[in-house]
Each structure stands twice: as structure tokens, then as C-alpha cells.
Amino acid sequence: MWGGRFAQGPSSVMREINASIPFDKALWRQDIAASKAHVAMLGAQGIVTGEDAATITAGLDEVSAEYEAQGVPVNWDLEDIHMTTESRLAELIGPVAGRLHTARSRNDQVATDFRLWVRDAMDEALAGIAALQRALVTRAGEHADSIMPGFTHLQTAQPVTLGHHLMAYYEMAARDASRFADARARANQCPLGAAALAGTGFPIDRFATAAALGFDQPTANSLDSVSDRDFALDYLMAAAQTSLHLSRLAEEFIIWASQPFGFVTLPDSLSTGSSIMPQKKNPDAAELVRGHSGRIIGCLTSLMITMKGLPLAYSKDMQDDKPPVFEAASLLTLCLAAMTGMVAGATFRTQRMRAAAELGYATATDLADWLVRQANIPFREAHHITGAAVKLAEGKGVALDQLSLAELQAIDPRIDDRVFAALSVEASVASRASHGGTAPDEVRKRVSDARRALGLE
């Protein structure tokens, strides 16, 4: 490929460190597509003859069929997918294959191939997130009235509904989807035709190749075109944020599935057993989702560090851009599928959840709110009165609504028997009817909004 400049071939070490074909062979579909778009443009512009363009296109189709059937051969002497394809093309159609590389460089070629691959990965992520959202919305609709404890600091705080809790993850997933959609829009510009770094003197039509490959437009600066990997970083940033949300959801399922909580029974298909303890049902899929988030974040960090000090335009460091993206994409796809299956297949133990919501004095805030609304007591004073009531109930080992009216009036005489209607967990969740609150009717509204957004109604 470049032997004319060198008296000696590369050493074995150089050969090994320089080759990217073991991993960039994953780009073969994108490389074939970009090459076909490029040669079609060369023919249309009269840069190569129509006959040569047709011969090259037919040869590329034959290479593609071979790759599909047999996989991409790994020959380190050919370095990468681009030279592997061009070499095989030359074997099939002869010297005319050399005309394919007219008016392009491997620099704009790989930038284009990689963008196409990342664009596909973004679409796959968006589809996976949508599937998770559908599962969340379906289960939230089933459990709009199911009461569970809401937590802060993992301490019982106020009663909420399971539907409301699941819809919190729907909102996280919606933001994740928006990040991928925004990243895709930014990435959808075509570097092909930027050549090595300065553009080309051939009368190419970059708008034609961009359109043929589904890009909105060609990139505007040839130096930036070949050196930019923002699209890959955007993908990894969105993937990392998504993985954080999946990890949080996984952690909740892990906690909820433990015997002390007992809020959920996970699907057998996403659990494992123990080699020594026959009673065990381990939430391994959830734990691996939690663990994989660290690897995805590591992939983001890896590429950020690779890119942080590179001068314009292309540097060989950028050959290391693909492995972290490939790894993160594979992990994210797996994690989204695992959590979608877990949400869809979980059995929620709603009676256990409701019983837990009645513990921990979860309706204490409702007593304070009642004092404010019904007795016209300033909230800070109501907070103090409620604290005294909780202390008394705790000392007696009973729930707040099991204190007698006399005991409550001994703390503050302004309390009357209407207070008991506010102290049940059902009354508590029903009263939280502000926009975005946990009241069942409000949850059903949010579920309906989500179903419309997902095209489910």
C-alpha cells in the first residue's frame, strides 16, 4: 500500500500494533456502502468511466456476499477493513479496483464508516430504550393503585404507588432517548470527500454521497471532518447516562428481591441459583447490569482521554476510537434487553409493599399537613407536634393511626377525630394529586401521556 516510500517492510511489532482489522472488520457493511456511494458519485461526475463504476460496484457486491457468508478474513498485512476490501476487490476485478480510491483517503473513509456504524448503534439504542419504556408503562398502568413505601436515604419517607415509582424510570428513559436522538442529529453529516485533511482537487459532489448514505448534508470543514470523533463521544455519553439509569433500576430490583424486603419475585429466566445453597435465587442479571455500567463509563473515559490532546488533523491514536464504542454498544444492548425482560416478567408482591408502607410512620407528613390545613397551624409548629406524635407511637410500638384521639389531643388539643381520615396510606397517596404526584389518578394520566408518546394509543 505504501511500500514505495520505504526501503524495508514493517517489523513484526509494527505490523501487530498497526493492524486494526481484528476489530474494525465490524465496519464492513458500512465500508461497502460508503464505497458504493463514492464510486457512484465518481461515475456520475465523470471522474471514472461509467463502465469502471459499474464493474467496481458489481465487485463490491461480490465482496459483500462473501463477507456475509464467510465473515471478513483477518490478514494483518492488510491492516484494516478498508485495505482488506480493496485487496479482495482487486483480486476479483483486477486493476480497475484501484480507481475506487480516487478522491478519497482512508482518513475520510474511516470517519464515514464509523459515523455510519455509530448512527446504527444510536438507532439500536433508541429501539432498546423504547422497549424498556413500553414495559415500564405497561407495569405502571397495572399498578397505579398499588401502594408501597417511598424512600429517602433508603428510609421510609412517604407512601407512593408502585406505578408512580416505575414511571420515574420511564422519565429517565425518555431523557436517555432524547440524548441519543440529539446525538444522532449532530452526527448525521457526511465526512466523505474530505480526503486526507484538505479536501480534493477532483470535481466531486459531496452532497450526492451524503444523500446516498442517508446523511443530512456533508461536513463543512475537511480538517474537522477527518479528526472529529464527537459523534462517538456523544454516543458514549448517552450510553453512560443510560447505563447509570439502568444500574439504579437494577439496584432497586436487587434490594426488592432480597428476603428482608420481599417486594418482588424476579423471573426465573433472569436469575441463577447457587452451586451449594439450593434455596438461593440470585438476581445475577440485575447485578451484571449494575456492573456493566462501570464498563460503559470506562469506555467513555477511555475515548475522552485518547482524544484530549490530539492536534489536527488525523493521528494514529484515533485507531483506538472503535474498541470502546463497540464494547459499550454491545453491553448497552444487553443491559437494555435484560432490564426490559426484568420489568416485564417481575411479579410484584403488592401486599408486602403495602404492609411496608404502613411501617416507619410514612404518613407523618400527612399529619403535619392536616394540622396546617385544618387547624391553621404554621408548618414548623405542625412539624414539631407531629414529631411528638411519632415519638409516642414509636414508644408504644404502634402506627400513627393506632394512637387514640385522647393520646393525640394530649399532645395538641386542636387535633380532632377528622385526622384519622388523613392517616391511612390510601388517603396519603390520594392527597398527592399535584401535577406529577403519586395519586393514582395522576399516575394514570402520566401513563396515558406516555402511551401516546410511545404510539401505544
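All of these numbers come straight from a predicted model, not from anything done at the bench. (Residues numbered from 1 in each chain as written. Predicted model: local features only at pLDDT ≥ 70, side-chain atom pairs only at ≥ 80, totals over all residues. Heavy atoms only, no water.)

Trainee: Help me out: how do you make sense of the overall build of the chain in this one?
Mentor: Each helix and strand counted, the chain has 18 helices and six strands in total. For 457 residues, the compact-globule estimate of 2.2 N^0.38 gives 23 Å, and the C-alpha radius of gyration of the chain, at 30 Å, exceeds that figure by more than 25%. Dimensions of the chain along its principal axes, counting C-alpha atoms only, are 100 × 50 × 40 Å. Counting across all 457 residues of the chain, residues that qualify as buried make up 48%. By sequence separation, contacts in the chain at least 24 residues apart represent 75% of the contacts at least 6 residues apart. Working note: accessible area of the chain is about 21,200 Å², and carbon and sulfur atoms make up 54% of it. Averaged over its 42 positive side-chain charges, the chain has a centre that lies 3 Å from the centre of its 54 negative ones. (Helix = DSSP H or I, 4+ residues; strand = E, 2+ residues; numbered from the N terminus. Rg over C-alpha atoms; globule rule 2.2 N^0.38 Å. Buried < 20%, exposed > 50% of the residue type's maximum accessible area, 1.4 Å probe, protein only. Contact = heavy atoms within 4.5 Å. Areas by Shrake-Rupley, 256 points an atom, 1.4 Å probe, with all protein chains shown as cover. Lys, Arg positive; Asp, Glu negative; His and termini not counted. Charge placed at Lys NZ, Arg CZ, Asp CG, Glu CD.)

Trainee: Any chance you could explain the pairing of strand E2 (residues 155-161) here in plain terms?
Mentor: Looking along a regular strand, one sees the side chains alternate between the two faces of the sheet. Bridge count between strand E1 (residues 147-152) and E2: six bridges; the pairing is antiparallel. Following the sheet pairing, Thr152 is matched in E2 by Gln155. (Pairing = 2+ DSSP bridges.)

Trainee: Hey, could you run me through the packing of helix H10 (residues 230-257) against helix H12 (residues 322-345) in this one?
Mentor: When two helices pack together, their arrangement is captured by the angle between the axes and the distance separating the axes. At their nearest, the axes of H10 and H12 sit 10 Å apart, and the two run at 30 degrees to each other. Between H10 and H12, the angle is such that the two are roughly parallel. Crossing handedness for the pair H10 and H12: left-handed. Contacts from Ala232, Tyr235, Leu236, Ala239, Thr242, Leu246, Leu249, Ala250 and Phe253 in H10 reach Pro324, Val325, Ala328, Ala329, Leu332, Cys335, Leu336, Met339, Met342 and Val343 in H12. (Axes fitted to C-alpha atoms, helices over the stretch in contact; angles between N-to-C directions. Parallel < 35°, antiparallel > 145°, perpendicular 65-115°, else oblique. Left-handed = near helix turned anticlockwise from the far one by under 90°.)

Trainee: Can you walk me through empty space enclosed by the protein in this structure?
Mentor: Empty space among the atoms becomes apparent when a probe as large as a water molecule is rolled across them. Tallied over the full model, the rule gives one cavity of 30 Å³ or more. Quantified by volume, the largest cavity comes out at close to 50 Å³. Contributing to the lining of the largest cavity are Leu132, Leu136, Tyr169, Met172, Ala173, Asp176, His245, Leu246 and Leu249. Elements with a contribution of two residues or more to the lining of the largest cavity: helix H6 (106-142), helix H7 (162-187) and H10. Take the lining of the largest cavity: its biggest share by element is four residues, from H7. (1 Å grid on protein atoms, 1.4 Å probe; cavity = no way out; pocket = protein on both sides within 12 Å on 5 of 7 lines; lining within 4 Å. Points joined across faces, edges and corners; volume = space filled by probe spheres on them.)

Trainee: How should I be thinking about the nonpolar core in this particular structure?
Mentor: It is characteristic of soluble globular proteins that their nonpolar side chains tend to be buried jointly. Grouped together as the largest cluster of nonpolar side chains are 94 residues, with contacts concentrated most on Tyr235 and Phe253. Tallying contributions element by element places H10 first for this core, with 15 residues. Apart from residues lying up to four places away in sequence, Phe253 is in contact with Val264, Leu266, Met339, Met342, Val343, Ala346 and Phe348. Listed in part, the 19 residues of the second largest apolar core include Ala364, Ile377, Leu400 and Leu423. (Core = buried A, V, L, I, M, F, W, Y, C linked by side-chain atoms within 4.5 Å.)

Trainee: Would you take a moment to explain the side chain of Arg104 for this structure?
Mentor: Looking at where Arg104 falls in the secondary structure, it is placed in the loop between helix H5 (81-93) and H6. No salt bridge is formed by the buried Arg104; its nearest oppositely charged neighbour, Glu86, is found at 4.7 Å. At a separation of 3.1 Å, a polar atom in the side chain of Arg104 contacts the side chain of His101. The contacts of Arg104, once residues within four sequence positions are left out, are Ser35, His38, Gln109 and Ala195. (Salt bridge = Lys/Arg side-chain N within 4 Å of Asp/Glu carboxyl O. Polar contact = N/O pair within 3.5 Å; in protein donor to acceptor, adjacent residues only side chain to side chain.)

Trainee: Looking at this model, I keep getting lost on helix H4 (residues 50-70). Mind explaining?
Mentor: Along an α-helix, a turn takes 3.6 residues, which lines up residues three or four apart on a common side. Spanning 21 residues, H4 covers 30 Å between terminal C-alpha atoms, matching the ideal 30 Å at 1.5 Å per step. All of the buried residues in H4 are Asp52, Ala53, Ile56, Gly59, Leu60, Val63, Ser64, Glu66 and Tyr67. Looking straight down H4, one finds its buried side chains confined to an arc of 160 degrees; they lie on one side. Facing away from the buried side of H4, by more than 90 degrees, are the exposed residues Gly50, Glu51, Glu68 and Ala69. Gly71 occupies a position one or two residues after H4 and carries a positive phi of about 85 degrees. (Expected span 1.5 Å × (residues − 1). Arc of directions from axis to C-beta.)

Trainee: Teacher, can you tell me more about unusual backbone geometry here?
Mentor: Most peptide bonds take the trans form, and the phi angle of most residues other than glycine is negative. Residue Leu312 is joined to Ala313 through a cis peptide bond whose omega torsion reads 5 degrees. Positioned with a positive phi, Ala103 is a non-glycine residue whose angle comes to about 70 degrees. Turning to its location among the elements, Ala103 is positioned in the loop between H5 and H6.

Trainee: Where do I start with helix H18 (residues 440-453) in this structure?
Mentor: Given a rise of 1.5 Å per residue, 14 residues ought to cover 20 Å, and the 20 Å separating the end C-alpha atoms of H18 matches this to within 8%. Positive backbone phi, at 75 degrees, marks Gly455, one or two positions downstream of H18.

Trainee: Got a minute to help me understand the state of the cysteines in this structure?
Mentor: This structure, assessed with the given rule, holds zero disulfides. Free cysteine Cys299: the closest other cysteine sulfur is in Cys335, separated by 11 Å. We classify Cys299 as buried; its relative accessible area is 3%. (Disulfide = S-S within 2.5 Å.)

Trainee: I would appreciate a short explanation of a nonpolar patch on the surface in the present structure.
Mentor: Where nonpolar side chains cluster on the molecular surface, the patch consists of Leu197, Leu223 and Leu312 and spans about 260 Å² of accessible area. Counting through the fold element by element, Leu223 comes out in helix H9 (residues 222-227). Residue Leu223 is classed as partly exposed on the basis of its relative accessible area of 31%. (Patch = residues over 30% accessible without salt bridge, like charges linked within 9 Å, V, L, I, M, F, W, Y side chains within 5 Å.)

Trainee: Looking at this structure, how should I read the pattern of salt bridges?
Mentor: In a structure, side chains of opposite charge can pair up when their charged atoms sit close to one another. For the structure on display, the rule yields 32 salt bridges. Residue Glu68 is joined to Arg29 by a salt bridge in which the shortest nitrogen-to-oxygen separation is 3.1 Å. You can see Glu68 sitting in helix H4 and its partner Arg29 sitting in helix H3 (residues 28-44), a full 39 residues away along the chain. Residue classification places Glu68 among the exposed residues on the basis of a relative accessible area of 51%. Of the charged contacts, one joins Asp234 and Arg186 as a salt bridge, the two residues approaching to 2.9 Å between their closest N and O atoms. Note that Asp234 is positioned in helix H10 and Arg186 in helix H7, a separation of 48 residues in sequence.

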